[in-house]
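Now for the letters of each chain:
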Amino acid sequence: MEPRKVDIFDTTLRDGEQVPGASLNRDEKLQIAHQLAHLGVDVIEAGFAASSPGDFAAIKTIAEQVKGPTITALARAVKADIEAVAEAVKPAERKRIHMVLGTSDTHLETKFRKSRDEILEMGVAAVKFARNLCDDIEYSTEDASRSDFDYLCRTLEAVIDAGATVVNIPDTVGYAVPEQWGDLIRRIIERVPNIHRAKVSVHCHNDLGMATANSLAAVKAGAQQVECTINGVGERAGNASLEEIVMAIKMRGDFYGGRTGIRTQEIYPTSLMVRELMNMPVQRNKAIVGANAFAHSSGIHQDGFLKNRLNYEIMRPEDVGIEKSDIVLTARSGRHALRHRLEKVGHYYDASHREAFEHIYARFLTVADRKKEVTDEDLHHIVSDAPMDVPEQYLLEDFHATSGSQQAATAHVRIHISGESIAESGTGSSPLLAAFDAIDRITKLPSHLEDIQTSANGKEGVHNVTVRVSYHTQTFFGRSADTDVVKAGIQAYLSSLNQLVARHSGLL
Ligand code: KIV
Ligand code: ZN
């Protein structure tokens with residue numbers, strides 16, 4: 001018997017992107033959406049259309065440019081939100097409106113202050129309204145895992161009658177446990193009389209670390225769509241992780257009897273792109289995509305693995321796109337080798353990207369000069385630092401920083417500003433903060449440093465630094481990478497200040 005198809009609905013760009021510090025600009029969202037299409041997801045949830053003009057524009061651009069998957073975006077069950085989604089996804093080949101309305105008494109009583117009947121009526125009216133704008137409507141019963149079962153079933157039946165084509169059952173707060181959750185989905189399928197007229201979907205959060213297990217229990221019980229994110233990014237402890245669900249369905253087809261349309265070799269490149277652009281590193285022991293996921297360290301394991309890989313490995317790293325580097329990138333590597341390796345990790349540079357590629361090549365050589373070998377992870381750091389369309393008012397010329405156990409850290413920084421070279425010294429509790437102090441003395445900008453995040457890979461790795469700076473209600477993220485963490489930090493800080501002065505030229 002042909003295994004049944006389980007649709008993969010990716011919400012990295014909506015539920016994942018809601019995470020503080022993980023926000024993406026339009027180009028970054030578009031880049032990820034193209035990669036998700038390449039990965040083979042069935043649905044891309046590109047954002048929350050009514051949340052901001054920027055999100056609306058990003059959804060629209062994705063709908064215009066990304067071919068293959070259905071493009072959807074989230075709406076509350078109100079006309080203005082639904083119209084915003086309909087308008088944003090209009091250019092897509094395949095489009096869907098996704099709306100959400102709570103069903104638990106907690107949500108009804110404290111969020112909406114409405115009765116069950118009132119909310120049900122509101123949901124039905126919203127679906128009918130949306131069906132006039134789009135043929136594919138997904139209805140999410142928020143907080144389903146804490147909802148009354150009879151009311152949940154009554155809601156599902158009513159919204160399917162009103163025209164919903166997909167009904168999504170979310171474990172919004174990560175409260176469910178696998179046996180009970182699988183049972184709930186099975187009972188819904190048995191109880192709701194018109195359920196065969198809609199696809200049944202689940203959306204699980206990871207508050208108790210069970211999002212993947214719950215999603216799989218639902219698949220076993222008959223769910224036809226799973227909502228998930230790359231690397232499990234998402235609100236609080238995150239969403240169910242796409243790579244774990246997809247590989248579990250693939251590796252345990254004997255148990256689940258299902259298949260997905262995912263090109264599993266694209267999993268790792270997609271994971272690297274998302275961790276880089278969202279600045280959300282992945283723990284080393286993360287299933288499928290962590291740095292140690294295919295590393296064998298104990299003597300007994302190494303011996304057994306070398307005798308027969310199957311002794312200690314259930315899947316091959318190549319199956320998820322982790323390749324042993326066929327070409328080792330060093331300071332002697334040329335453009336051809338770099339382009340080849342970049343393609344392997346999901347970054348394509350054709351003739352129309354000549355300038356961006358040259359910038360990356362120059363940065364690659366700087367890093368390669370300081371390291372024996374440039375790894376795939378280093379490449380992602382290097383690429384994420386490619387030039388943006390913001391004029392570089394402040395350009396780092398030179399710096400020197402010191403620290404010690406008996407003294408405050410000091411830094412001396414020289415910056416090029418509008419044809420002039422200006423230097424200042426600063427102090428702080430670390431060389432990075434001392435350098436920022438020196439920069440503040442030079443620029444005299446009224447901005448506020450909110451956050452610094454750094455990550456590095458291995459002892460010789462490239463340090464990736466993201467800096468968050470605020471000015472009034474606006475936030476600016478600067479990102480840079482270098483083998484020297486202070487240099488990466490200074491460049492990231494200057495990048496955020498360059499964005500700030502590009503937006504408020506009067507501050508210069
Ligand atoms: O967690 C949740 O309930 C959601 C819905 C919008 C599906 O994200
Ligand atoms: Zn969610």
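My aim in this report is to walk through the structure given alongside it, one point at a time.

Residues Ile169 and Ile188 are the most contacted members of the largest nonpolar core, which totals 119 residues. Broken down by element, the residue count for this core peaks at 8 residues, all from helix H7 (residues 149–162). Mapping this core onto the domain boundaries places at least three of its residues in each of domain 1 (4–278) and domain 2 (298–384). Leave out the neighbours within four places in its chain, and Ile188 touches Phe149, Leu152, Cys153, Leu156, Ile169 and Ile195. The next biggest cluster of nonpolar side chains, apart from the first, holds 28 residues, and it includes Ala409, Val469, Phe476 and Leu497.

The parallel closed barrel is built from 8 strands, whose spatial order is E2-E3-E4-E5-E6-E7-E8-E9. For this sheet the average axis-to-axis angle between neighbouring strands, irrespective of direction, equals 25°. The pairing of strand E3 (residues 43–48) with strand E4 (residues 70–76) spans 4 bridges and is parallel. The residue bridging Phe48 from the neighbouring strand is Leu74, located in E4. Taken strand by strand, helix H8 (residues 178–191) contacts strand E7 (166–171) and strand E8 (199–204), and its axis lies near 155° from that of E7.

Moving on: the coordination of the zinc ion (ligand 2). At this site the zinc ion (ligand 2) is bound by Asp15 (OD), His203 (NE2) and His205 (NE2), with donor distances of 2.0 to 2.1 Å. Within one chain, the residues serving as donors to the zinc ion (ligand 2) are arranged as D-x187-H-x1-H. With Asp15 in helix H1 (residues 12–16) and His205 in the loop between E8 and helix H9 (211–221), this residue pair connects regions lying 190 residues apart in the sequence. The residues Asp15 and His205 share a single accessibility class, namely buried.

Close to ligand 1 lie Arg14, Asp15, Leu74, Val100, Ser140, Glu142, Asn168, Pro170, Thr172, His203 and His205, which account for all nearby residues. A distance of 3.1 Å separates an oxygen atom of ligand 1 from a polar atom in the side chain of Asp15. The side chain of His205 places a nitrogen or oxygen atom 3.0 Å from an oxygen atom of ligand 1. Coverage of ligand 1 by the protein chains reaches 94% of its 260 Å² of free accessible surface. For the shell around ligand 1, the elements supplying multiple residues, two or more each, are H1, strand E6 (137–142) and E7. Across the shell around ligand 1, the residue classes break down as 3 nonpolar, 5 polar and 3 charged.

The next point concerns the packing of aromatic side chains. The geometry of an aromatic ring pair is captured by the separation of the ring centres together with the interplanar angle, meaning the angle of the planes. One pass over the structure, following the stated rule, counts 4 aromatic pairs. Relative to Tyr256, the ring of Phe255 has its centre 5.0 Å away and its plane inclined at 80°; by these criteria the two rings are edge-to-face. Note on Phe255: relative accessible area 43%, which makes it partly exposed. Between the aromatic rings of Phe357 and Tyr361, the centroid separation amounts to 6.5 Å while the plane-to-plane angle is 15°, which identifies the pairing as stacked.

To continue, consider the sheet that holds strand E13 (residues 420–428). An order of E11-E12-E13 is seen for the 3 strands of this open sheet, with the pairing classed as antiparallel. Whereas interior strands pair on both sides, the edge strands pair on one side only; in this sheet they are strand E11 (394–404) and E13. Sheet twist, expressed as the mean angle between neighbouring strand axes with direction ignored, is 15°. Pairing of strand E12 (residues 407–417) with E13 involves 9 bridges; the strand directions are antiparallel. For Val413, the partnering residue across the bridge sits in E13 and is Glu424. Running over the sheet, helix H17 (residues 431–443) touches E11, E12 and E13 and is turned about 135° from E13. Where helix H18 (residues 485–503) meets the sheet, it contacts E11 and E12, and its direction lies at approximately 140° from that of E11.

This brings us to helix H10 (residues 242–251). Each full turn of the α-helix corresponds to 3.6 residues, which orients residues three or four apart in the same direction. Summarising burial for H10: 7 of the 10 residues are buried, a large majority. Within the sequence span of H10, burial applies to Leu242, Glu243, Ile245, Val246, Met247, Ala248 and Ile249.

To continue, consider the side chain of Ser447. Note that Ser447 resides in the loop between H17 and strand E14 (448–456). With near-sequence residues (within four places) excluded, Ser447 lies in contact with Val469, Ser470, Leu497 and Leu500.

What follows deals with the environment of Tyr151. Summarising the element assignment, Tyr151 is placed in helix H7. Sequence separation between Tyr151 and Pro20 is 131 residues; the distance between their C-alpha atoms is 34 Å.

Reading the values: the criteria
Residues numbered from 1 in each chain as written. Chains lettered and ligands numbered in written order. Predicted model: local features only at pLDDT ≥ 70, side-chain atom pairs only at ≥ 80, totals over all residues. Heavy atoms only, no water. Core = buried A, V, L, I, M, F, W, Y, C linked by side-chain atoms within 4.5 Å. Buried < 20%, exposed > 50% of the residue type's maximum accessible area, 1.4 Å probe, protein only. Helix = DSSP H or I, 4+ residues; strand = E, 2+ residues; numbered from the N terminus. Domains from an automatic or database assignment. Contact = heavy atoms within 4.5 Å. Pairing = 2+ DSSP bridges. Axes fitted to C-alpha atoms, helices over the stretch in contact; angles between N-to-C directions. Donors = N, O, S within 2.8 Å, 3.2 Å for Na, K, Ca; no water. Near = heavy atom within 4 Å. Polar contact = N/O pair within 3.5 Å; in protein donor to acceptor, adjacent residues only side chain to side chain. Areas by Shrake-Rupley, 256 points an atom, 1.4 Å probe, with all protein chains shown as cover. Nonpolar A, V, L, I, M, F, W, Y, C, P; charged D, E, K, R; others polar. Phe/Tyr/Trp six-rings, centres within 6.5 Å; stacked < 30°, edge-to-face > 60°.

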